[in-house]
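So the chains spell out like this:
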Amino acid sequence: MTKDQLFYPTKLKLTILELLARFEVLTTRDLAQLIYQNDSINSIRTINRTLANLNSHSLVNQIFFRPEDYLGRGNLPNASGLSEQGVAFAEERWPATYPKEFPRTHSPHTIEHDLRRARTHIAIDQFSRDNKLTLGWKKGGNHIVKPDDTFELTKEKTAHFFLEEEYKRKDFDALYEKLKPYVSLHGSAEIKKEWGFRYYTVVVPMRDADAMQNILTHFKGGCNCVDPKLKYMHRSAPFKLHTDVIAFTTHQEIIERTSQPILYAPSGKIIALLDIVK
Ligand SMILES: [Zn+2]
């Protein structure tokens, strides 16, 4: 091994590795915001240089992807996450981050979804520090329900949450099928056996306010469809799910107004995260 190939763990390299261990997938801009609280050209350059170094030491993988709002000009953004070796490194140093691999074979199509998960995580992490709560976060998971993530917030008691980031357009059938089990299993011995807790709230950030309003209307048993065929199909309220267990919001709201009453339950309740954490 030549001198160039030795890995020198500078403070910046370690900070980047820890952030990727904690948040799983981030763009250079996300990292610059977290580390320097800005995304100036200099910050971006420094982060990119360090990422390239971490990549050359096989600790980080980087994948280019095409964002939905990409206009077809300029460089495609890339997303970074830990390699298998990076995960092993992070598990030693920061086990509480539950690092997860971002393999080179990761589909570029799900990267935007993963970035949304990461940004929600960043917002809730900040929210918990602002409110002196302890945050525990686990990525993924698949036991009777298959959430994007689970997290818990502890003040005096611990409140449990499932996160379902709904970025893609989905029909009501698909969302109903996906969310109904959370309602049926709430409070049951089955969920306790699989996840270790019985009561929880499912936080569902949607792509925009329209998508959220449409799903809420249908889950409340109504229909705001314009298409006469859909109106006819929805007349008997097939998606009605009267519940406080599911809380809809928008991705933008959870990122920008994390502590506000931004959670809308089909029961009609509008609450803030702090109303759930006691
Ligand atoms: Zn409808």
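Treat the numbers as computed from the prediction; the structure is a model and nothing was measured.

Peer 1: I'd like to hear about the overall build of the protein chain, residue by residue, with values.
Peer 2: The helix and strand tally for the protein chain stands at 11 helices and 10 strands. If one aligns the C-alpha atoms of the protein chain with their principal axes, the spans along those axes are about 70 × 50 × 30 Å. Evaluated residue by residue, the protein chain yields a buried proportion of 35% over its 278 residues. Relative to all contacts within the protein chain whose residues are 6 or more apart in sequence, the contacts with residues 24 or more apart total 56%.

Peer 1: Give me the domain arrangement of the protein chain: which residues, what numbers.
Peer 2: As assigned here, the protein chain comprises domain 1 (3-106) and domain 2 (114-276). Its C-alpha centre places domain 1 at a distance of 29 Å from the equivalent point of domain 2. With 9 residues of domain 1 in contact, the opposing surface of domain 2 contributes 7 residues. Considered class by class, the residues forming the side of domain 1 that touches domain 2 number 5 nonpolar, 1 polar and 3 charged.

Peer 1: With reference to specific residues and values, describe the nonpolar core.
Peer 2: One broad rule of soluble globular proteins: the nonpolar side chains tend to lie buried together. With 30 residues, the main nonpolar core has Phe161, Val202, Val203, Val204, Ile246, Ala247 and Phe248 as its most contacted residues. Those elements giving two or more residues to this core turn out to be strand E5 (149-154), strand E6 (158-163), helix H6 (172-185), strand E7 (201-206), helix H8 (209-219), strand E8 (246-250) and strand E9 (263-264). With near-sequence residues (within four places) excluded, Val203 lies in contact with Phe161, Leu163, Ala247, Thr249 and Leu263. Counting 24 residues, the second largest nonpolar core, distinct from the first, contains Leu51, Ala90, Phe102 and Ala118.

Peer 1: Hey, could you go over the pairing of strand E3 (residues 78-82) for me, with residue numbers and the actual values?
Peer 2: Burial within E3 is extensive, with 4 of its 5 residues counted as buried. Two strands pair when backbone bridges link them, and strand E1 (residues 26-27) and E3 are joined in this way by 2 bridges, in the antiparallel orientation. Counterpart to Leu26 in the pairing with E3 is Ser80. Where strand E2 (residues 60-64) lies against E3, 5 bridges are found, and the strand directions are antiparallel. The partner of Ile63 across the bridge, within E3, is Ala79.

Peer 1: Can you break down unusual backbone geometry residue by residue, with the values?
Peer 2: Notably, Gln37 is not glycine yet its phi reads approximately 55°, a positive angle. The exposed category is assigned to Gln37, around which 8 C-beta atoms lie within 10 Å. You will see that Tyr98, though not glycine, has its phi angle at about 45°, which is positive. Look at Tyr98 and you get partly exposed, because 17 C-beta atoms sit within 10 Å.

Peer 1: Account for the environment of Ile191, with residues named and values stated.
Peer 2: In this structure, Ile191 sits in helix H7 (residues 189-195). Note on Ile191: 22 C-beta atoms within 10 Å, which makes it buried. As for Ile191 and His143, which are separated by 48 residues in sequence, their C-alpha atoms are 8.4 Å apart. Beyond its immediate sequence surroundings of up to four residues, Ile191 is in contact with Ile144, Leu185 and Arg198.

Peer 1: Describe in detail the packing of helix H2 (residues 28-36) against helix H3 (residues 41-56), supporting the description with residues and values.
Peer 2: Where H2 meets H3, the axes come as close as 9 Å, and the angle between the chain directions of the two elements is 110°. One element, H2, and the other, H3, form an angle in the roughly perpendicular class. Considering how the two elements wind past one another, H2 and H3 form a crossing that is right-handed. Contact residues: H2 offers Thr28, Arg29, Leu31, Ala32 and Tyr36, while H3 offers Ser43, Ile44, Ile47, Asn48 and Leu51. When its residues are assigned to classes, the contact of H2 with H3 shows 6 nonpolar, 3 polar and 1 charged.

Reading the values: rules and limits
Residues numbered from 1 in each chain as written. Predicted model: local features only at pLDDT ≥ 70, side-chain atom pairs only at ≥ 80, totals over all residues. Helix = DSSP H or I, 4+ residues; strand = E, 2+ residues; numbered from the N terminus. Buried ≥ 20, exposed ≤ 12 C-beta atoms within 10 Å, placed from the backbone. Contact = placed C-beta atoms within 7 Å. Domains from an automatic or database assignment. Nonpolar A, V, L, I, M, F, W, Y, C, P; charged D, E, K, R; others polar. Core = buried A, V, L, I, M, F, W, Y, C linked by C-beta atoms within 7 Å. Pairing = 2+ DSSP bridges. Axes fitted to C-alpha atoms, helices over the stretch in contact; angles between N-to-C directions. Parallel < 35°, antiparallel > 145°, perpendicular 65-115°, else oblique. Left-handed = near helix turned anticlockwise from the far one by under 90°.

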